[in-house]
Amino acid sequence: MAERGFSVSKLPAFRPVALGVFLALYLPIFTLVVYSFNAGNSIAVWDGFSLKWYLSAWENDAVKTATLRSLYIATFASLIATTAATMAALGTTRRKAFKGQTFIYVMINQPLMVPEIVTAVALLIFFAQIKVFTGYQGLGYLILAHAAFCIPFAYLPIRARLEGMDLSLETAAADLYASPWQTFRYVTLPILAPGIAAGAMLAFVISLDDVVITEFVKSGGQDTLPTYMLGQMRRAITPEVNAISTALLVLTVVLLTCFFLLTRKRNQ
Amino acid sequence: MSRAEDAMTRTATRNGWLLSTPALILLTLAAAGPLLIVLVYSFLEKGQYGNVEWAFSWDGWVGILFTRDIFDGTLGLADAHLTIFWRSVKLSLMTTAITFALGFPTAWFIATRPAAERGMWLFLITIPFWTNLLIRTFAINEVLRSEGLLNTVLISLGLIDAPLQIMYTDRAVLIGMAYVYLPLMVLPLYAAIERFDMRLLEAAYDLYASRMQVLRHVILPIVKPGIVAGSILVFVPSLGAYVTPRVLGGGKNMMIGNFIELQFGQGRNWPLGAALSMTLLVVVMVALLFYVRAANRGSNTNG
Amino acid sequence: MTQKIAVAAEHTVKSFGQGKASVRALDDVSLEIQSGEFFTLLGPSGCGKTTLLRLIAGFEAPTSGRILLDGADVTELPPNRRPVNTVFQSYALFPHLTVAENVGFALKMQGRKKPEVDDTVARMLALVKMETFATRKTAQLSGGQQQRVALARALAPQPKVLLLDEPLSALDLKLRKEMQVELKRLQKETGITFVFVTHDQEEALTMSDRIGVMSAGKLQQVATPREIYTAPVNRFVASFIGETNFLPVTPTQGGARLGCGAVVAAAGEGPVLTIRPEQITVTPVDAVGAIPATVDAQVYFGTDTHCHLRLSDGERVTARIPSPAMGETGVGIGQRVGLVFAPHAARLIRE
């Protein structure tokens, strides 16, 4: 059909460029995954299939603790961020514009606008003072920092879901003798649930992926998986890093697929 | 307003604020608030071993452009700093140009797929976007390094004899950033093109326009808000990039982000680091203002 | 049935927006609706009828004035504490609940015991003939079925007043006719006061005990359907309900003089005479007491034929004649005929 006749939406060379872009996007990732199964020590020469680097990563205590720390931080940070974001979304959508609403929007979206390195530096300075003042050196700083920058990511899908929700449902609930709390518990929350789940997943992924802020906020011995990997890249790289990356990649893709399925349902 | 009416409005306002409070506290504590401290630090004297002395000083701000001679204390232009700024801006602009050149055909391609297919293609763009930045940078690293995929392929094809040294050059940083930020260009472009009324093309061809004329005089002007949005979405994180130049540029080819880090590490000049952070923040905010204006204009003309 | 007042609005005003941009959706409306009545608020979109309904339900607070239910002031009571339920235009069925859970929602909110809830739900579903759908999700229902569920849900808590916000507007014509009969039956069976909002005059005429005609935030006339149709108080009411003719007149003793000089008997007072097209008979031009006119056009409508006529002073009049009758009179375009107004059919009204 493309050969015969004139297709108005066709532009010269666009199709090959686009397909080239998709290839270029996936080829490096694909290579990375393939070499994670390399039997040799090299990330360039293929020596046959093996799972040894996964085993080696699994038996590496530094990797294990960093992974557990990453998951721990991501779990708490996404829980806190999702709770705060859900409340904020309920407070800022579907009501008459109120005084200070713009301020709240700007605050919530602030982590998306400020360069990460600037926030990282700011937190470094701020938490350094608090560490001196309180003597507390724990993971609380990382959780707090992660929770803050995860808020906009959790907020957006929840808000989208709320805005797509039929306002008259809550009116109907109030009409049918539900108190404001009952309306929330039996109508708003169940309908909102997929949005909240989607927001929590995004927050989790974002927390899990963070390098810059973590690198600046962490105290000694608080490496997360990404900062551990960043440290490794300074040295000679073995396919162990590929194996870790692949595992993380798979986790991200799984969570994102869930996210898309959850948000897609709304549109149908 | 009646009492009942008044009460309804008041409750709405109060609930809006009350419900937003936890988020606001978190963001004030761990995002927006500390920025003010950075501002304060930029006006303090640097401490001997990092940190600051609590005394007012312009040194941090002056240090952005000038260095003080170690021996006689006179001020001179800091060439090294200017080089870093120039590299940051140059690489960010080039990244924007490359992502546009590649991203526009890609976005157009997706937008002209059958509706049922589009979601799949978009998903393919979004997956790398959400994938860990570090992993993507690392993946590019594997392609570019001396024994990497690119060199292996080129040598085995006989195109080159010795591996190209791409790693730890500006070119590597540029390729890396283009790779990493491409989805940020494609997504807003797609949004703009998807709303584009394809019947306008029929009208243009009917009125004797050639393909290039259609692109130049019909398509580009109409999707311009999307182009502006995509360009800024790429330019802003490029300018503040930290991980990509660190991994692909090595220690030497710093960008502003790495330069700021340096001040808080080996440089031991926190006030300068703070002043640099504030400068970066202001530049980014100005760029974002343009973005908001472009986005608004886009929704006015097309929505 | 005693003359108890179920719903009263006292001088209610509702403005939206503030300052210059403020719009008065309701402009000093006072109204009393009797217990057990099928009352319809009729008017074009934007006339304020839905606003009045929302004030009664408690979704909006009036800018000034009071709302009373059974004589008690409920102006400041939230909707969940008013013994009033609503059937929404969009039905607003909860998508995450089954049909039975939707119907039982209010009872659950009120903390009723499960056997009682189940029992009421079963009765309500039987009432609207939806027993077999109890376990379905609402998205799987057709428009008419959703409508029935919405009705059952609103009736389940046995409200004092049921508010219906254009509930039939989303249904096709045939279903709408069925539901009109159904609604009337439900109202008779339950004895609950119905306040029905619609812009469809036919719906209003066929179903209501009384109609309140609204326009521009004001209540124009409150009366029985027959009275509204035969004795409208002003031009708006006369033209909104059914088709009618307007003729400028000079009032005389017990009637009015038309522009063409003819004098006709008419009740009421005002500078405009209104008469429905079906109250006009076309006669030979020399018939006794006939007003002379010329035939401009005829439009065939099946059972009726509309005759467009012109009086000698140029005023246009439409007469609706049963088609069989037309054949005998045998009028043709340009023919001169006579018009006779049915006795007591012509009324004088205000502008």
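A brief look at the structure comes next. Not measured: the values here are computed from a predicted model. (Residues numbered from 1 in each chain as written. Chains lettered and ligands numbered in written order. Predicted model: local features only at pLDDT ≥ 70, side-chain atom pairs only at ≥ 80, totals over all residues. Heavy atoms only, no water.)

1. As for the pairing of strand 12 (residues 255-258) of chain C
All names here are of chain C.
Move 1: The pairing of strand 11 (residues 245-252) with strand 12 spans four bridges and is antiparallel. Counterpart to Thr252 in the pairing with strand 12 is Gly255.
Move 2: Once strand 11 ends, the chain turns through two residues before running back antiparallel as strand 12, passing Gly254 with a positive phi of about 70 degrees.
Move 3: For strand 12 and strand 13 (residues 263-265), the ladder comprises three bridges, and the chain directions are antiparallel. Considered in strand 13, the bridge of Ala256 is made with Val264.
Move 4: Where strand 12 folds back on strand 13, the antiparallel hairpin that results is connected by four residues, among which Gly261 adopts a positive phi of roughly 105 degrees. (Pairing = 2+ DSSP bridges. Helix = DSSP H or I, 4+ residues; strand = E, 2+ residues; numbered from the N terminus.)

2. Observations concerning the pattern of salt bridges
Pairs can form between side chains of opposite charge whenever their charged atoms are close.
Residues and elements named next belong to chain C.
Move 1: Here the structure, examined in full by the defined rule, presents 27 salt bridges over all chains.
Move 2: Between Lys218 and Asp27 there is a salt bridge, and its shortest N-O distance comes to 3.1 Å. Here Lys218, found in strand 10 (residues 218-223), pairs with Asp27, found in strand 2 (residues 23-34); they are 191 residues apart in sequence, far enough to count as distant. (Salt bridge = Lys/Arg side-chain N within 4 Å of Asp/Glu carboxyl O.)

3. Side note on helix 3 (residues 79-111) of chain B
Move 1: Along its 33 residues, helix 3 of chain B runs 46 Å from first to last C-alpha, staying within 8% of the 48 Å computed at 1.5 Å per residue.
Move 2: Taking the largest bend as the criterion, helix 3 of chain B deviates by roughly 30 degrees, centred on Gly103 of chain B, and proline Pro105 of chain B comes between one and four positions later. (Expected span 1.5 Å × (residues − 1). Bend = angle between axes of the 7 residues up to and from the residue.)

4. Some details on the environment of Ser64 of chain C
Move 1: Mapped onto the elements of the fold, Ser64 of chain C is located in strand 4 (residues 64-69).
Move 2: Relative accessible area serves as the criterion here: at 34%, Ser64 of chain C is assigned to the partly exposed category. (Buried < 20%, exposed > 50% of the residue type's maximum accessible area, 1.4 Å probe, protein only.)

5. Concerning the packing of helix 9 (residues 211-222) of chain B against helix 10 (residues 224-239) of chain B
All names here are of chain B.
Move 1: In the contact formed by helix 9 and helix 10, the axes pass within 4 Å of each other and the chain directions differ by 60 degrees. Viewed along their axes, helix 9 and helix 10 adopt a mutual orientation that is oblique. In contact with Leu220, Pro221 and Ile222 of helix 9, helix 10 contributes Lys224, Pro225 and Ile227.
Move 2: When grouped by side-chain class, the residues that make up the contact of helix 9 with helix 10 number five nonpolar, no polar and one charged. (Axes fitted to C-alpha atoms, helices over the stretch in contact; angles between N-to-C directions. Parallel < 35°, antiparallel > 145°, perpendicular 65-115°, else oblique. Contact = heavy atoms within 4.5 Å. Nonpolar A, V, L, I, M, F, W, Y, C, P; charged D, E, K, R; others polar.)

6. A short note on the packing of aromatic side chains
Move 1: Under the defined criterion, the tally for this structure stands at 34 aromatic pairs over all chains.
Move 2: Considering the side-chain rings of Phe153 of chain A and Trp130 of chain B, the 6.0 Å spacing of their centres and the 75 degrees angle between planes classify their relative orientation as edge-to-face. Of this pair, Phe153 of chain A sits in helix 6 (residues 140-164) while Trp130 of chain B sits in helix 4 (residues 115-130), on two different chains.
Move 3: Look at Trp130 of chain B and you get buried, because its relative accessible area is 14%.
Move 4: Linked through ring pairs, Phe14 of chain A together with Phe100, Phe104, Trp108 and Phe196 of chain B together constitute an aromatic cluster. (Phe/Tyr/Trp six-rings, centres within 6.5 Å; stacked < 30°, edge-to-face > 60°.)

7. Observations regarding the interface of chain C and chain A
Move 1: With 25 residues of chain C in contact, the opposing surface of chain A contributes 18 residues.
Move 2: Taken together, the two surfaces of chain C and chain A that pack against each other cover about 1,800 Å², and 66% of this comes from carbon and sulfur.
Move 3: Looking only at chain C, the three residues that lose the most surface to chain A are Asn80, His96 and Met109 of chain C, adding up to 33% of its buried area.
Move 4: Linking chain C with chain A are zero salt bridges, by the criterion used here.
Move 5: For the pair chain C and chain A, the number of links is eight residue pairs in polar contact (both at pLDDT 80 or more).
Move 6: Elements that contribute at least two residues to the side of chain C that touches chain A include exactly strand 6 (84-87), helix 2 (99-109) and helix 4 (143-155) of chain C.
Move 7: Take the side of chain C that touches chain A: its biggest share by element is four residues, from helix 2 of chain C.
Move 8: Residue composition of the side of chain C that touches chain A, by class: 16 nonpolar, six polar and three charged. (Buried area = accessible area lost by both parts, 1.4 Å probe. Polar contact = N/O pair within 3.5 Å; in protein donor to acceptor, adjacent residues only side chain to side chain.)

8. Considerations on the nonpolar core
Move 1: In terms of nonpolar packing, the biggest core is built from 163 residues, with Ile151 of chain A together with Phe104, Trp108 and Ile219 of chain B touching the most fellow members.
Move 2: At 15 residues, helix 7 (residues 170-194) of chain B tops the list of elements feeding residues into this core.
Move 3: Other than its neighbours up to four places away in sequence, Phe104 of chain B contacts Phe14 of chain A together with Thr99, Leu189, Ile193, Leu215, Ile219, Leu220 and Val223 of chain B.
Move 4: Core analysis: the second largest hydrophobic core is formed by 41 residues, Ala178 and Val187 of chain A together with Cys47 and Val197 of chain C among them. (Core = buried A, V, L, I, M, F, W, Y, C linked by side-chain atoms within 4.5 Å.)

Interpretation in functional terms is not warranted from these geometric data alone.
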